[in-house]
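# Structural overview for review
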Amino acid sequence: MEHLGSAAPPNMDANIVVAGRGGVGKSALTVRLLTRRFIGEYGDIQSIYSHSFTVDGREVTLNIWDLPYSEDSLEKTSPVEKKLQWADGYVLVYSICDRASFNTVSRLVHAIRSTKDYPNGDKCPIVIVANKRDLQHRRTVLSEEGWLLALQTDCHFYEVSVAENYHSVLMVFHGLVDRMRDAKLAMKRPMGLKGIVKSMSAVFARRRIDSL
Ligand code: GDP
Ligand code: MG
């Protein structure tokens, strides 16, 4: 939609990659944002979703890529590097019960920082998410470790339970939008992805069929 008058803030359109090891809750996080629901099992959904909401009178559209994890992860070349180029911002997820997933996020954040920061010194927006905080009895990664990593690498940090709390999921994405706005990425380019954006209803229709 066109905005009228100079006072109206421009709309914002940004690409976000959600990355991290398998099983940490990437799909749960993405689906929670889009539907407010936690459905428990997500299979190997790998999709780009489009989600719009309003922040301070500005319509924000996020194209969110729920990226499957492969052992080589994001650091390696070609298709994966393209994914990194596509992204304007990152949500890097680990589970507080999975030390290896924390190590992966640590590697990813350093890989992104070494390739994606802007020549003018601005940092590419990254949010680190420690998930499954409802599973305290199985915790192997301290909150302090997450905070320290975020502090050292200039990222936002949230510890959340996607299973128990929708609001904290919203905070994650709003935090990222704030960061992207600061990085002046608004209106960076028109959206060219409509063709591959899958609607959630299609995903759920398929899953319902799968589970019959
Ligand atoms: P992905 O492989 O990173 O996409 O992980 P999924 O989203 O498929 O989640 C993996 C498993 O962790 C699923 O069984 C989810 O139900 C579960 N899960 C995700 N988030 C949470 C959470 O906050 N708490 C708990 N207890 N389980 C979660
Ligand atoms: Mg998944």
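Look up: the structure comes first, before these words.
Here's a quick rundown of the structure. What you see is a predicted model; the values in this text were computed from it and never measured.

Close contacts around ligand 1 come from 19 residues, with Gly23, Lys26, Ala28, Gly40 and Asp134 the closest. Between Gly23 and ligand 1, the recorded distance is 2.7 Å, taken from a backbone N or O atom to an oxygen atom. Contact with the protein chains removes 83% of the 580 Å² of surface that ligand 1 exposes when unbound. When grouped by side-chain class, the residues that make up the shell around ligand 1 number seven nonpolar, seven polar and five charged.

In this fold, Phe157 is placed in strand β6 (residues 156–159). Measuring from C-alpha to C-alpha, the distance between Phe157 and Gly175 comes to 9.1 Å, with 18 residues separating the pair along the chain. Excluding residues within four positions of it along the chain, Phe157 makes contact with Tyr94, Ile128, Ala130, Ser143, Gly146, Trp147 and Ala150.

Turning our attention to unusual backbone geometry. Phi at Arg36 is positive, roughly 70 degrees, even though this residue is not glycine. Of note, Arg36 is situated in the loop between α1 (26–35) and β2 (48–55). For Asp154, which is not glycine, the phi dihedral falls at a positive 60 degrees. Of note, Asp154 is situated in the loop between α4 (143–153) and β6. Here Asp154 falls in the partly exposed class, since its relative accessible area comes to 34%.

Definitions and limits used
Residues numbered from 1 in each chain as written. Chains lettered and ligands numbered in written order. Predicted model: local features only at pLDDT ≥ 70, side-chain atom pairs only at ≥ 80, totals over all residues. Heavy atoms only, no water. Near = heavy atom within 4 Å. Polar contact = N/O pair within 3.5 Å; in protein donor to acceptor, adjacent residues only side chain to side chain. Areas by Shrake-Rupley, 256 points an atom, 1.4 Å probe, with all protein chains shown as cover. Nonpolar A, V, L, I, M, F, W, Y, C, P; charged D, E, K, R; others polar. Helix = DSSP H or I, 4+ residues; strand = E, 2+ residues; numbered from the N terminus. Contact = heavy atoms within 4.5 Å. Buried < 20%, exposed > 50% of the residue type's maximum accessible area, 1.4 Å probe, protein only.

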